[in-house]
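# Coordinates in review
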Amino acid sequence: MMVCEYKPGLEGIPAAQSSISHVDGQKGILEYRGIRIEELAEKSSFLETAYLLIWGELPNKEELEAFEHEVRYHRRIKYRIRDMMKCFPESGHPMDALQASAAALGLFYSLRDLHNPAYIRDSVVRLLATIPTMVAAFQLMRKGNDPVRPRDDLDYAANFLYMLNEKEPDPLAAKIFDICLILHVEHTMNASTFSARVTASTLTDPYAVVASAVGTLGGPLHGGANEEVIQMLEEIGTVENVRPYVDNLLQRKAKIMGFGHRVYKVKDPRATVLQNLAEQLFAKFGHDKYYDIALEMEQVVAEKLSGKGIYPNVDFYSGLVYRKMGIPTDLFTPIFAIARVAGWLAHWKEQLAENRIFRPTQIYNGKHEITYLPIDQR
Ligand code: CMC
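First things first, this report covers the structure right here in the doc. (Residues numbered from 1 in each chain as written. Predicted model: local features only at pLDDT ≥ 70, side-chain atom pairs only at ≥ 80, totals over all residues. Heavy atoms only, no water.)

## A short note on the packing of aromatic side chains
What characterises a pair of aromatic rings is the spacing of the ring centres plus the angle enclosed by the ring planes. To be explicit about the condition: Each aromatic pair joins two rings of Phe, Tyr and Trp (for Trp, the six-membered one) with centres within 6.5 Å, and gets the label stacked for planes under 30 degrees apart, edge-to-face for over 60, and tilted for any other angle. Only DSSP runs of H or I with at least four residues qualify as helices, and only runs of E with at least two residues qualify as strands; both kinds are numbered from the N terminus onward. Summary of the burial criterion: residues with accessible area below 20% of their type's maximum are buried, those above 50% are exposed, and those between are partly exposed, where the area comes from a 1.4 Å probe applied to protein chains only.
Enumeration according to the criterion identifies 14 aromatic pairs in this entry. Where Tyr291 meets Tyr317, the ring centres are 6.1 Å apart and the plane angle is 65 degrees; that geometry is what we call edge-to-face. In this pair, Tyr291 sits in helix H14 (residues 289–305) while Tyr317 sits in helix H15 (residues 314–324), placing the two residues 26 residues apart along the sequence. Residue Tyr317 is classed as buried on the basis of its relative accessible area of 0%. On the basis of an interplanar angle of 50 degrees and a centroid distance of 5.5 Å, the ring pair of Tyr322 and Phe332 is categorised as tilted. Of this pair, Tyr322 sits in helix H15 while Phe332 sits in helix H16 (residues 332–353); the two residues are 10 residues apart in sequence, bridging distant segments of the chain. By relative accessible area, Phe332 is classed as buried at 0%.

## Examining the site of the ligand
So the rule is basically this: Working definition: residue near molecule or strand if any one of its non-hydrogen atoms lies within 4 Å of it. Identification of polar contacts relies on pairs of N or O atoms within 3.5 Å, with a donor-acceptor requirement for protein atoms, meaning one able to donate a hydrogen and the other able to accept it, and with residues adjacent in sequence counted only if both atoms are side-chain atoms. Areas reported as accessible are Shrake-Rupley estimates using a 1.4 Å probe. Residue values count occlusion only from the protein chains shown. Each residue is assigned to one class: nonpolar for Ala, Val, Leu, Ile, Met, Phe, Trp, Tyr, Cys and Pro, charged for Asp, Glu, Lys and Arg, and polar for all the others, Gly among them.
Lining the immediate environment of the ligand, one finds 19 residues, of which His222, Lys255, Ile256, Arg262 and Lys308 sit closest. A distance of 3.3 Å separates a nitrogen atom of the ligand from a polar atom in the backbone of Leu221. Between Gly258 and the ligand, the recorded distance is 2.8 Å, taken from a backbone N or O atom to an oxygen atom. Out of a free accessible area of 930 Å², the ligand has 70% covered by protein chains. Looking at the shell around the ligand residue by residue, the class counts come to nine nonpolar, six polar and four charged.

## What to know about the packing of helix H8 (residues 171–184) against helix H13 (residues 269–285)
Heads up, the condition is: Note on method: axes are straight lines fitted to C-alpha atoms, helices fitted across the in-contact stretch only, with angles between N-to-C directions ranging 0 to 180 degrees. For classification, angles of less than 35 degrees are called roughly parallel, those exceeding 145 degrees roughly antiparallel, those between 65 and 115 degrees roughly perpendicular, and all remaining angles oblique. We call two residues in contact whenever any of their non-hydrogen atoms come within 4.5 Å of each other.
Axis separation between H8 and H13 bottoms out at 11 Å; the angle between their running directions is 170 degrees. Here H13 runs roughly antiparallel to H8, going by the angle between their axes. Contacts between H8 and H13 involve Leu172, Ala173, Ile176, Ile179, Cys180, Leu183 and His184 on the former and, on the latter, Arg270, Val273, Leu274, Leu277, Gln280, Leu281, Lys284 and Phe285. Residues that form the contact of H8 with H13 fall into these classes: 11 nonpolar, two polar and two charged.

## Quick word on the nonpolar core
Under the convention used in this document: In plain words, nonpolar cores are sets of buried Ala, Val, Leu, Ile, Met, Phe, Trp, Tyr and Cys residues tied together by side-chain atoms within 4.5 Å.
With 121 residues, the main nonpolar core has Phe46, Leu128 and Met297 as its most contacted residues. Sort the elements by how many residues they give to this core and helix H6 (residues 117–142) lands first, with 15 residues. With residues near it in sequence (within four places) discarded, Leu128 still touches Phe46, Leu47, Ala50, Ile54, Phe67, Val71, Tyr156, Val341 and Ala342.

## A closer look at the pairing of strand S2 (residues 29–32)
Selection rule: One requirement defines pairing of two strands: DSSP has to find at least two bridges between them.
Relative to S2, strand S1 (residues 21–24) runs antiparallel, the two being bridged by four bridges. Looking at S2, one finds that Ser21 is bridged to Tyr32. Between S1 and S2, which follow one another and run antiparallel, lie four residues, and Gly28 among them has a positive phi close to 75 degrees. In sequence, S2 turns back onto strand S3 (residues 35–36) through a hairpin of two residues, with Arg33 there showing a positive phi of about 50 degrees.

## As for the sheet that holds S3
Taken in spatial order, the three strands of this open sheet run S1-S2-S3, and their pairing is antiparallel. Single-partner strands in this sheet number two, and they are S1 and S3.

## Some words on the packing of H13 against H15
Filter applied, for reference: Left-handed describes a crossing in which the near helix is turned anticlockwise from the far one by less than a right angle; the clockwise case is right-handed.
Two numbers describe how H13 lies on H15: the axes approach to 8 Å, and their chain directions differ by 20 degrees. With respect to H15, the element H13 is oriented roughly parallel. Considering the relative orientation of H13 and H15, their crossing is left-handed. Contact with H13, carried on its side by Arg270, Ala271, Leu274, Gln275, Leu277, Ala278, Leu281, Phe282 and Phe285, involves Val314, Tyr317, Ser318, Leu320, Val321 and Lys324 of H15 and no other residues of that element.

## Structural notes on unusual backbone geometry
Phi is positive for Arg33, which is not a glycine, with a value near 50 degrees. The residue Arg33 is located in the loop between S2 and S3 in this model. By relative accessible area, which is 23% here, Arg33 ends up partly exposed. Residues other than glycine seldom take positive phi values, yet Leu203 does so here, at roughly 65 degrees.

Encoded structure:
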């Protein structure tokens, strides 16, 4: 057997062949099925981009309308799922609530027919349609309110904001939210996508695939960083405090949240688009002093860490956008999941097409030939 060098975090080791997305980390380019994200952010919608990623081609008008229609009419969640969610502790993190609810869908749709394109399509539609409803439902129920029913006359992003805030969103906020979903939908072999593919490779159901990926996304080194960025900006408090704060972190060899990336060695192109969206929101709804702190931080970190290729990543500006929309900080990562579910499903489908179960090896560095010691001699 070929012996490979051990690389912590599997850095640089291909885990799959994929035609879903591509990153050029030196040039700061991200493409979905070959199309640059900046172009999709400007011209596409989240559901159209999801279709592109999952089925490999942009849909024509009829295909897109049919897909949007199916997703729109599957947004309601079963009352038993809602009742289950009512029992979740309100102090629980919304990512844990989402993981449990996504997994619970598998109880209701237990037929597993992975060779049937209709099963694949139904699962994709159901997950894309219900995940936003579950995120909004948990948010309202933990405040002691009943969840609101989805509105069929609103599009994907506007309906989510409506379910969350119990009022119709401003059109600019809904449009910007939809673009945020496009920017978060897919990103090559990141930790949660890898987790989704490993789970998919066992031929389990897509709800287990999504639940495992949601669990992986929640950590502070992955999707959870966007919450920590806002907490950090609040802790810094003023522009003057930025430099000493960064110096202190670097002295302690601590990571600065929202900066650095395994692949990008320049500014993450998603951060550039998000920064622009944040500015549009500030122009319409008023300035946010935390944006000034963020700008200063970007400059100070560039001064100190550009030599290591550490620049803002997707999480640095996304929190400021969501904050301006009045979204609670601990919903930032569930929103990341609402978008990323389409990427995970694209990888689920691709994995099934040429499946081989993931079964890597390890380098054993433990002991051998140890004799069992009876408990009274330990
Ligand atoms: N602040 C300070 N130093 C950093 C940072 C940072 N945010 N990120 C990397 N470095 C340094 C690190 O200390 C190391 O320096 P040295 O070589 O002197 O020891 C070098 O850069 C390489 O770091 P690494 O930890 O080996 O890099 P990695 O590829 O294993 O980690 C990362 C990538 C994203 C986990 C890391 O940059 C990080 O922890 N960033 C902060 C958390 C964050 O913003 N996460 C969101 C990532 S983007 C969205 C997503 O994928 O979900």
